[in-house]
Every structure is written in structure tokens, then in C-alpha cells.
Amino acid sequence: MEKLGIAVVGAGYWGPNLIRNFRGSTDWELRAVCDLDTERARQVVGGSDLLVTADLDEVLAREDVDAVAVATPARTHRPIAERALRAGKHVLVEKPLASSVADGSRMVEEARSQGLVLMTDHTYCYTPVVQKIRELVSSGSLGEILFVDSVRINLGLLQPDVDVLWDLAPHDLSILDFVLPGGLRPLGVAAQGADPLGAGKSCVGYLTLPLPGGAMAHVHVNWLSPTKIRQMVIGGSERTLLWDDLNPQQRLSVFDRGVDLIQQSVDSADRRTASISYRLGDTWAPALPEREALGAMVAEFAASIREERAPVTDGEAGLRVLSVLEAAATSQRARGAQVDVVPADVPALEIVR
Ligand SMILES: NC(=O)c1ccc[n+]([C@@H]2O[C@H](COP(=O)([O-])OP(=O)(O)OC[C@H]3O[C@@H](n4cnc5c(N)ncnc54)[C@H](O)[C@@H]3O)[C@@H](O)[C@H]2O)c1
């Protein structure tokens with residue numbers, strides 16, 4: 001099958017990972033790298049003779065470029081993506097899709113009206129472990145989801161344009177969107193942030209998301225922790241899983257343990273009584289293949305273009321994450337009060353070409 005031509009815009013910290021994976025893919029031919037810092041971009045591409053430029057128009061004018069991958073800071077995603085879509089290119093955008101729901105909605109609308117693919121790089125959704133978690137949840141193996149607890153803390157690079165919630169929580173939120181039945185549709189968001197160093201933005205953040213059916217998800221992100229922790233617990237009525245991303249020997253554990261509420265009755269004094277029993281079954285570790293998530297991500301981008309369908313992590317998935325992040329910013333300003341998540345009003349992405 002003929003390869004698709006790709007140009008990568010942004011060759012800073014993350015862009016080189018995209019460049020490496022597009023180069024290693026049988027679906028793609030890397031045609032150009034665009035960065036305001038052309039010296040840096042040249043270093044990243046090495047001695048090859050492919051186009052390196054600071055001029056996006058030069059890239060967009062190339063007929064052998066079918067698609068553009070955007071790995072620049074979040075505030076630049078919308079203008080770059082819009083220019084690429086108007087030039088007839090399919091677009092992959094790094095997380096977060098944009099720096100506001102309004103910008104993200106414009107991008108989704110533009111892609112829809114042009115009949116082009118708009119994909120968000122929600123990288124974790126392409127990891128074998130998250131795909132396994134989705135399978136366990138959707139097969140009913142965990143039962144009803146009761147709670148989710150996610151911790152993503154480390155000594156992080158303070159980002160110039162976003163706080164820790166906008167930098168790190170897109171990962172947790174995109175994972176929840178991918179694995180929860182019905183996607184990320186919390187009943188509200190309560191967010192608290194702290195800036196104990198006076199950095200001018202929250203470096204420690206907590207998100208609480210009540211979910212339909214009485215469940216609750218909690219996300220803790222932090223740039224100031226000398227200990228790196230990447231753990232998510234998903235508790236179900238049948239089983240509970242623990243994903244510890246820093247434990248390659250046992251990244252995923254499934255506990256056949258839990259609490260059963262045997263009966264609930266009302267006695268003569270009108271008191272509710274319930275008897276609790278604890279299940280203490282086995283713990284097992286599902287086998288997980290070893291492969292790089294970005295390899296699967298760039299393959300999905302190509303497949304969605306060829307099959308003229310929305311990708312698994314489409315612009316709408318990016319918008320659902322943005323809606324929660326924006327509600328979280330509102331909640332932070334209201335000192336952690338729970339606020340509604342206003343869904344973005346964009347019709348479903350349809351590939352018409
Ligand atoms: N998927 C992931 O796991 C993951 C991980 C890290 C970063 N990211 C995302 O990748 C994006 C980039 O982050 P980063 O840490 O690489 O940033 P960075 O600042 O290291 O790199 C950004 C690069 O973009 C270039 N740039 C800025 N504006 C430009 C423009 N208008 N045209 C062309 N080039 C331009 C800069 O010169 C720089 O080289 C962000 O959206 C970030 O959230 C994703």
C-alpha cells in the first residue's frame with residue numbers, strides 16, 4: 001500500500017518521539033519538519049535531506065504531505081491545525097487538543113466541514129495496559145465501577161503556559177474517557193490547586209469527578225513530588241484492578257477481592273442494617289505485550305484516513321477532556337466548589353470524502 005506523507009510541526013521535547021515513530025512506520029513517509037527553531041529541528045532529523053523549515057505555508061503547499069502532526073505548545077494548536085485543515089491536510093494534535101473548549105470546537109467543526117480526520121494524541125489509550133483495562137471493564141469482569149483513584153506525581157517541568165492540571169490531567173482524563181463505559185461524562189467536577197512555591201500557577205492539583213451510578217473518580221497530579229508515582233486503581237463490584245505503570249514486572253494486577261453488601265433491612269426502630277462480607281480471592285496479572293504506544297497511535301491515524309472513519313481518539317474525545325479541564329478551572333476559581341461540565345456543542349465528526 002502506498003505510504004501517506006506526514007509533516008511534523010514542533011520538534012521540541014515531544015515532537016522527536018512522533019518523528020521517530022512516523023519514520024519507523026510502514027504507513028508513513030516523513031516529508032517535512034517545521035519548527036520556529038530550525039536549528040533544533042535539523043538536529044532532530046539528523047543528516048537527512050528532508051524539508052526542515054520555520055514556514056508552515058511551505059509545508060502546507062506540498063502535495064506529497066497528506067497529514068500534519070502538531071507537537072507545539074497548546075495555545076498554538078488551534079491556529080496551526082486550522083491552517084492545515086484549510087489546506088486539505090488531515091491533522092493529528094498533541095494533548096490537550098486546544099487551550100479552550102471554544103478553540104477545540106472550532107477545530108472539530110473545521111475538520112468536519114472539510115471531511116478530514118482530526119485526531120488527538122491521547123497516547124496512553126494506545127498502550128497495551130490501557131487497552132487491557134478497557135477490555136476488562138467492557139467485558140464486565142470488574143462488575144459495576146465503584147471508584148477510580150489515579151495518582152500521577154513526580155518532579156515535573158513547570159510549563160510556561162499551563163498549570164499542572166492542564167499539563168498532566170489530560171492523561172488521566174483521556175484514559176477515563178477510553179475505559180469507562182459511555183466515556184468521560186462526569187456529573188460535575190470539583191478541583192483544587194495549590195501553588196506553594198509561588199510559581200504563578202498550580203503545581204499540585206486534585207480533581208474529584210462524581211460519575212453516574214454513585215461512583216467517584218479522583219485524580220491527583222503534582223509537579224513537586226520527589227517520588228514518582230503512576231498508579232491507577234479501578235474498583236468494581238466484582239474485581240478491582242491496580243495499574244502501576246512503574247512496575248514493568250507486574251504493571252497490572254487484578255484482585256478478586258471486594259466487599260459485598262449482603263442484605264439491607266429496616267428494623268423496628270427504623271434503622272438500616274446491612275451485613276457486610278469480604279471476598280478474599282486470588283490476585284492475578286494479565287499478560288501484556290511489549291510495544292510502543294506511539295507506534296500503534298500513528299498506525300491508527302493512518303487507518304482512520306484510509307478507512308475514512310473517525311479515529312479511536314478523535315477530536316471529540318479531545319473535546320470531552322477539554323470540557324472537564326475547563327470546568328476544573330472554573331471550580332478552582334470557586335475554591336473547589338463542584339461545577340457542571342458543559343459538553344461542547346459539536347455534531348459528530350463524519351468523514352464525507
Ligand atoms: N502525548 C504525550 O504524552 C505528551 C508528552 C509531552 C508533551 N506533549 C504535548 O506535546 C506538545 C508540545 O510539548 P513539548 O513539551 O514538546 O513542548 P516544547 O516547548 O519542548 O516544544 C515545542 C516546540 O514547538 C516549536 N513551536 C512553537 N510554536 C511553533 C509554531 N507556531 N510553529 C512551529 N513550531 C513552533 C518550538 O520552537 C518548540 O521547539 C504539548 O501540547 C504537550 O502537551 C504530549
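Provided above is the structure to which this section pertains.
Thresholds, definitions, all that
- Residues numbered from 1 in each chain as written.
- Predicted model: local features only at pLDDT ≥ 70, side-chain atom pairs only at ≥ 80, totals over all residues.
- Heavy atoms only, no water.
- Near = heavy atom within 4 Å.
- Polar contact = N/O pair within 3.5 Å; in protein donor to acceptor, adjacent residues only side chain to side chain.
- Areas by Shrake-Rupley, 256 points an atom, 1.4 Å probe, with all protein chains shown as cover.
- Pairing = 2+ DSSP bridges.
- Helix = DSSP H or I, 4+ residues; strand = E, 2+ residues; numbered from the N terminus.
- Axes fitted to C-alpha atoms, helices over the stretch in contact; angles between N-to-C directions.
- Parallel < 35°, antiparallel > 145°, perpendicular 65-115°, else oblique.
- Contact = heavy atoms within 4.5 Å.
- Nonpolar A, V, L, I, M, F, W, Y, C, P; charged D, E, K, R; others polar.
- Phe/Tyr/Trp six-rings, centres within 6.5 Å; stacked < 30°, edge-to-face > 60°.
- Buried < 20%, exposed > 50% of the residue type's maximum accessible area, 1.4 Å probe, protein only.
- Lys NZ or Arg CZ within 6 Å of the ring centre and 35° of its normal.

Novice: Tell me what's going on with the site of the ligand, and back it up with residues and numbers.
Specialist: In the region of the ligand, 19 residues are neighbours, and Trp14, Asp35, Glu94, Lys95 and Thr123 sit closest. A distance of 2.8 Å separates an oxygen atom of the ligand from a polar atom in the backbone of Trp14. Note that a nitrogen atom of the ligand is positioned 3.3 Å from one of the backbone N or O atoms of Leu36. Protein contacts shield 77% of the accessible area of the ligand, which totals 860 Å² for the unbound molecule.

Novice: Quick rundown of the sheet that holds strand E5 (residues 90–94)? Include the residues and the values.
Specialist: Pairing in this open sheet of six strands is parallel, and the strands run E3-E2-E1-E4-E5-E6 from one edge to the other. The sheet terminates laterally at strand E3 (51–53) and strand E6 (118–121), the two strands that pair on one side only. Taken over all neighbouring pairs, the strand axes of this sheet differ in orientation by 25 degrees on average, direction set aside. Sheet topology places E5 next to E6; four bridges connect them, and they run parallel.

Novice: Lay out the packing of helix H5 (residues 101–114) against helix H9 (residues 315–333) with the relevant residues and their values.
Specialist: One can describe the packing of H5 onto H9 by two numbers: an axis separation of 9 Å at closest approach and a directional angle of 170 degrees. Of the possible angle classes, the one that applies to H5 and H9 is roughly antiparallel. Facing H5, whose interface residues are Val101, Gly104, Ser105 and Val108, H9 presents Gly315, Glu316, Leu319, Leu322, Ser323 and Glu326. Split by residue class, the contact of H5 with H9 holds four nonpolar, four polar and two charged.

Novice: Give me the packing of aromatic side chains: which residues, what numbers.
Specialist: Tallying each qualifying case throughout the model produces four aromatic pairs. Arranged with centres 5.3 Å apart and planes meeting at 80 degrees, the rings of Phe22 and Trp28 form a pair that is edge-to-face. Note on accessibility: Phe22 and Trp28 belong to one class, buried. Aromatic pair Tyr124 and Trp243: ring centres 5.9 Å apart, planes at 65 degrees, arrangement edge-to-face. Here Trp243 lies in strand E12 (residues 240–244) and Tyr124 lies in the loop between E6 and helix H6 (128–138), a separation of 119 residues in the sequence. Trp243 carries the same exposure label as Tyr124, and that label is buried. Three or more aromatic residues link up through ring pairs in this structure, and these residues are Phe22, Trp28 and Phe301. Its guanidinium or amino end placed over the ring of Phe178, Arg134 lies 4.1 Å from that ring's centre, counting from NZ or CZ.

Novice: I'd like a description of the environment of Ala217, backed by residues and values.
Specialist: Among the structural elements, Ala217 can be located in strand E10 (residues 216–222). Excluding residues that lie within four positions of it along the chain, Ala217 makes contacts with Val148, Leu176, Leu207, Thr208, Leu209 and Leu211.

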